[in-house]
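Notes for the structure review
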Amino acid sequence: MSMGADIRTRDGAVVGTMPYMSPEQVSGKPVGPASDLFSLGILLYEMATGTRPFHGKAGNQLISSILTETPPAADAVNPAVPEVVGGLIGQCLAKDPQDRPSSAEQLRRDLKALQTASNGVDSLITGTDRPRSSPNRLAVLLAMALVVAAAAFAAWKLVGPRSDSGPQTMLRMAVLPFADDGSEQATFVSRGIVDEVNLRLAGLRALAMVPLEGTEAFRGTDLSPRKIGEELEVDYLLAGSVRQGDGELVVHSSLILAENEKVVWSETFPVAVRNVERLQSDISHRVVRALGVALSEKEKDRLAMRSTANPVAYETFLRGVEAQPVSHDSEPSYRQALILFEQAVKLDPEFALAWIKLAHNHLQMFWLGYDRTEARLQMATDALDRAEEIAPGLADIHLQRGYLYYHGYLDFDQAIAELSLAAEDIPNDPELISTIGYIWRRQGLFEQAIPNLERYQELTPFDPYQNIELAYTRICIGDYEGVFEDIEGTLAFDPDYDWAYMLAGFASVSYTH
């Protein structure tokens, strides 16, 4: 995956996260466990002092710093760090691999011996003459905890990651944001097409679709399909564009095999706005045929599902979809979307998907704190009840009702029941799967929650921050090996993520006692 380089090494190649690479690593020389100890030393130094030992604005400057400079001792930079700990960190940062500790496990044992010989961490860092109320005491305790965490972390690295549970049997796919020419109609139609096609394909068991929040970052990107595929870890990409033609829209769509950028299917559709609703079904069917995916009868019905026969209602619906904020920080956008969805259901009272979108936006208003009133929850409930009357048993209704019970009424058991019904027809929806896991976690069912959070990881490998949620859950059941594995996944992507270090420190204190 290219979103973050793996710290693990292989001989004869420069591989790793640059600020944490060893001298032999940046030189392309053979590497071994001692190289990982140097990377560990950098990590420990940063945790103890708040700064990295080696610096450079450009890659060549950083490499020169790693090869030639000797940083000041950690205890000199931060007097709260015990001198003996600063010495161990400095030993890890030795330029010659033979001068570093013999192993990460030996380093962990040395730290434990320091604690024991000094009657515990408290006496080690405070000394017999320092009162227990010393202002440095808490800072040093944290530094020591993080040192132990990193040592345990490195010891795990020498064991290696857990084996995969099995081969991936489904196809991974992302619908990228469609480009548009900036005209009003092309803009809202392009967003609506992407939303609807993704919704239809997400109900197929053979496909694992990337959530649209994960693809939005690639809007207008210059990256190649191969590069996007690597970052999202998908097999196929659906890309397209919408532009204003002579009295109609021109929609172009292509299905691309990411690894070699081969165009598997491509087609251009001249279409009037009033016929866009049918176009999403056409594109979805063509994608499925190009992939050779076999469909159940229920899946065929989902692909062929008609939203509304009222073109004005559908255009209004698309404008509502376009108005919805991609992130959760725009109350005016939610209010504008609500106005448009309300207009859509007035134009066609039998428009089930518009009622579902209406319910979703009412719930977001409540959940995000813009209007935490019983009246707002009731509006969400009423909209879902109306959708249920029109399309009983529709998975999307169960999905939204599950979120309503969870975020709105805090009825966890009922939320699980509704989300489980939705999962029968939308089995690969990452948010649905993780939400069930979060609910179980809130109920104290930590072991039951972990498979769902692991499944989310499998479906969204491009979201390394989710590893921290999983790590937190593992701490609750004492699975510290798994905690450090999850933390490594996040740090490989974002070496500056503070929560990862805090969890490592918390886990290490429990792991070593």
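As the structure is a prediction and not an experimental result, all values here were calculated from the model.

With that out of the way, let us pick up the overall build of the chain. Helix and strand content of the chain: 24 helices and six strands. Buried residues in the chain amount to 52% of all 513 residues. Taking all contacts inside the chain whose residues are at least 6 apart in sequence as the whole, residues at least 24 apart take part in 61%. Roughly 22,800 Å² of accessible area belongs to the chain as shown, and the carbon and sulfur atoms make up 51% of that amount.

Here we come to the packing of aromatic side chains. Counted according to the given criterion, the structure contains nine aromatic pairs. Their ring planes at 15° and their centres at 5.8 Å tell us that Phe 38 and Phe 54 sit as a pair that is stacked. Of this pair, Phe 38 sits in helix α2 (residues 33-49) while Phe 54 sits in the loop between α2 and α3 (59-68), placing them 16 residues apart in sequence. Here Phe 38 and Phe 54 have matching classes, each one buried. Measuring from ring centre to ring centre gives 6.4 Å for Tyr 314 and Phe 351, while their planes differ by 25°; the resulting arrangement is stacked. Of this pair, Tyr 314 sits in helix α14 (residues 311-323) while Phe 351 is found in the loop between α15 (331-347) and α16 (352-367), placing the two residues 37 residues apart along the sequence. These aromatic residues form a ring-pair network of at least three members: Tyr 314, Phe 317, Phe 341 and Phe 351.

Across the chain, pLDDT averages 80, with 80% of residues at or above 70. A low-confidence stretch, residues 1-17 (pLDDT under 50), is modelled with 54 contacts involving residues beyond four sequence positions or located in other chains. Counted against residues more than four places away or in other chains, residues 116-143, with its pLDDT under 50, gives 23 contacts.

Helix length check: helix α21 (residues 446-459), at 14 residues, gives a terminal C-alpha distance of 20 Å against a target of 20 Å (1.5 Å per residue), a fit within 8%. Looking at the buried residues of α21, the elements they touch are β1 (171-175), β3 (207-209), α20 (430-442) and α22 (466-475).

This part takes up the pattern of salt bridges. In this structure the tally under the stated criterion is 23 salt bridges. Residue Lys 300 is joined to Glu 297 by a salt bridge in which the shortest nitrogen-to-oxygen separation is 3.4 Å. Residue Lys 300 and its partner Glu 297 are located together in helix α13 (residues 297-304), separated by three residues, close to a single helical turn. Residue class for Glu 297 comes out exposed when judged on its relative accessible area of 56%. We note a salt bridge from Asp 371 to Arg 376, for which the minimum N-O separation is 2.8 Å. Considered together, Asp 371 and Arg 376 belong to a single accessibility category, that of buried residues. One network of salt bridges, with partners in common, ties together Glu 454, Arg 474, Asp 479 and Asp 486.

Here we come to the pairing of strand β6 (residues 262-271). Pairing analysis gives nine bridges linking strand β5 (residues 249-257) to β6, with the strands arranged antiparallel. Among the inter-strand pairings, Ser 254 is bridged to a residue of β6, identified as Ser 266. The turn joining β5 and β6, which pair antiparallel and follow one another in sequence, is formed by four residues; a positive phi near 60° is taken by Glu 261.

Relative to the helices and strands, Gly 229 is located in helix α11 (residues 225-232). Its relative accessible area of 5% is what places Gly 229 among the buried residues. Residues Gly 229 and Met 173, spaced 56 residues apart in sequence, show a C-alpha to C-alpha distance of 8.8 Å. Not counting residues up to four positions away in its chain, the partners in contact with Gly 229 are Val 234, Leu 237 and Ala 258.

The end-to-end C-alpha separation of helix α17 (residues 374-390) is 25 Å, in line with the 24 Å expected for 17 residues at 1.5 Å each. Arg 376, Leu 377, Ala 380, Thr 381, Ala 383, Leu 384 and Ala 387 are the residues of α17 that are buried. Viewed end-on, α17 has its buried residues packed into an arc of 160°, placing them on one side of the element. The outward face of α17, more than 90 degrees from its buried face, is lined by the exposed residues Glu 374 and Glu 389. As for α17, its buried residues are in contact with α15, α16 and α18 (395-409).

In this section: the nonpolar core. Of all hydrophobic cores here, the largest spans 86 residues; its most connected members are Met 173, Ile 193, Leu 201, Leu 238, Ile 283, Val 287 and Phe 317. Among the elements that line this core, the one with the most residues is α16, at 10 residues. When near neighbours in sequence (up to four residues on either side) are disregarded, Phe 317 contacts Glu 196, Phe 341, Ala 344, Phe 351, Leu 353, Ala 354 and Lys 357. Counting residues in hydrophobic clusters, the runner-up holds 31 residues, among them Met 47, Ala 48, Ala 74 and Leu 503.

Here we come to the pairing of strand β4 (residues 236-244). Bridge analysis of β1 against β4 gives three bridges, and the strand direction is parallel. Of the residues in β4, the one forming a bridge with Val 175 is Leu 238. Across nine bridges, β4 lies against β5 in antiparallel orientation. The partner of Arg 243 across the bridge, within β5, is Val 250. As consecutive antiparallel partners, β4 and β5 are separated by four residues, and within that stretch Gly 247 has a phi angle of approximately 80°, a positive value.

Calculation criteria
Residues numbered from 1 in each chain as written. Predicted model: local features only at pLDDT ≥ 70, side-chain atom pairs only at ≥ 80, totals over all residues. Heavy atoms only, no water. Helix = DSSP H or I, 4+ residues; strand = E, 2+ residues; numbered from the N terminus. Buried < 20%, exposed > 50% of the residue type's maximum accessible area, 1.4 Å probe, protein only. Contact = heavy atoms within 4.5 Å. Areas by Shrake-Rupley, 256 points an atom, 1.4 Å probe, with all protein chains shown as cover. Phe/Tyr/Trp six-rings, centres within 6.5 Å; stacked < 30°, edge-to-face > 60°. pLDDT = per-residue confidence, 0-100. Expected span 1.5 Å × (residues − 1). Salt bridge = Lys/Arg side-chain N within 4 Å of Asp/Glu carboxyl O. Pairing = 2+ DSSP bridges. Arc of directions from axis to C-beta. Core = buried A, V, L, I, M, F, W, Y, C linked by side-chain atoms within 4.5 Å.

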